[in-house]
Amino acid sequence: MRSLFIISLLCLLGGCSTLEKEFRPVWTQADWPTASQPAPAGFSVTPRQAFTVVRESHARSLKHVWHLYADSRFYYVHDTFLGDNPRRVFKQGVRIDGRTGEIVKRP
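Before going into details, it helps to say that this report is about the structure given with it. Everything numeric here is computed off the predicted structure, so don't read it as measured data.

What to know about the overall build of the chain
Helices and strands together make up the secondary structure of the chain, namely three helices and four strands. Starting at the N terminus and ending at the C terminus, the chain contains elements arranged as α-β-α-β-β-α-β. Each of the 107 residues in the chain was classed as buried or not, and the buried ones make up 32%. Contacts spanning at least 24 positions in sequence make up 47% of the contacts within the chain whose residues lie at least 6 apart. Element-wise, carbon and sulfur atoms account for 58% of the exposed surface of the chain, whose accessible area totals about 7,000 Å².

Dropping the structure here:
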């Protein structure tokens, strides 16, 4: 019973979202992805298109550097001003469906 309480407390404090094995950086440079960079396998939206979706739909400063990660289904665009560790990107990045290019709200 005590261990269940400790596990619950750790999940509450640290978050229980787990990174997928396939979660990986796609673009971590200061500039935007090139137009010629292909979409990852299974995606129809290119990295540059994902950046464009975020720029057009979110009030984000263009002065900041964005990094792009992906899992098996979504891109995650994250402003590095807020920090750039994969767990933070996974939990806080703007999630974009890699097939449709639509921003997917978090539950």
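There's more to say after this.
Examining the nonpolar core
Among the nonpolar cores identified, the biggest contains 14 residues, and Ala50, Val54, Leu68, Tyr75, Val77 and Ile96 are the most heavily contacted of them. Contributing elements (two or more residues each) for this core: strand E1 (24-27), helix H2 (47-57), strand E2 (66-70), strand E3 (74-79) and strand E4 (94-97). With six residues, the next largest nonpolar core counts Phe23, Phe74, Tyr76 and Val89 among its residues.

Remarks on the side chain of Thr46
With respect to the secondary-structure elements, Thr46 resides in the loop between E1 and H2. Apart from the residues lying within four places of it in its own chain, the contact partners of Thr46 are Gln37, Ala39 and Tyr75.

Here we look at the packing of aromatic side chains
By the definition in use, this model includes nine aromatic pairs. By the ring-pair criterion, three or more aromatic residues cluster together here, those being Phe23, Tyr69, Phe74, Tyr76 and Phe90.

What about the pattern of salt bridges?
One pass over the structure, following the stated rule, counts two salt bridges. The residue Glu56 makes a salt bridge to Arg55 at a minimum N-O spacing of 3.9 Å. According to the relative accessible area criterion, Arg55 is partly exposed, its value standing at 38%. A salt bridge links Arg73 to Asp97; its shortest N-O distance comes to 3.6 Å. Of this pair, Arg73 sits in the loop between E2 and E3 while Asp97 sits in strand E4, and the two are 24 residues apart along the sequence.

A short note on the sheet that holds E1
As summarised here, the arrangement of the four strands in space is E1-E2-E3-E4, forming an open sheet in which the pairing is antiparallel. Each end of this open sheet is capped by a strand with a single partner; those strands are E1 and E4. Going across the sheet, the axis of each strand differs from the next one's by a mean of 35°, ignoring polarity. The pairing of E2 with E3 spans five bridges and is antiparallel. Along E3, the bridge assignment pairs His67 with His78. Sheet strands in contact with H2 are E1, E2, E3 and E4, and its direction is about 120° off that of E2.

How each quantity is defined
- Residues numbered from 1 in each chain as written.
- Predicted model: local features only at pLDDT ≥ 70, side-chain atom pairs only at ≥ 80, totals over all residues.
- Heavy atoms only, no water.
- Helix = DSSP H or I, 4+ residues; strand = E, 2+ residues; numbered from the N terminus.
- Buried < 20%, exposed > 50% of the residue type's maximum accessible area, 1.4 Å probe, protein only.
- Contact = heavy atoms within 4.5 Å.
- Areas by Shrake-Rupley, 256 points an atom, 1.4 Å probe, with all protein chains shown as cover.
- Core = buried A, V, L, I, M, F, W, Y, C linked by side-chain atoms within 4.5 Å.
- Phe/Tyr/Trp six-rings, centres within 6.5 Å; stacked < 30°, edge-to-face > 60°.
- Salt bridge = Lys/Arg side-chain N within 4 Å of Asp/Glu carboxyl O.
- Pairing = 2+ DSSP bridges.
- Axes fitted to C-alpha atoms, helices over the stretch in contact; angles between N-to-C directions.

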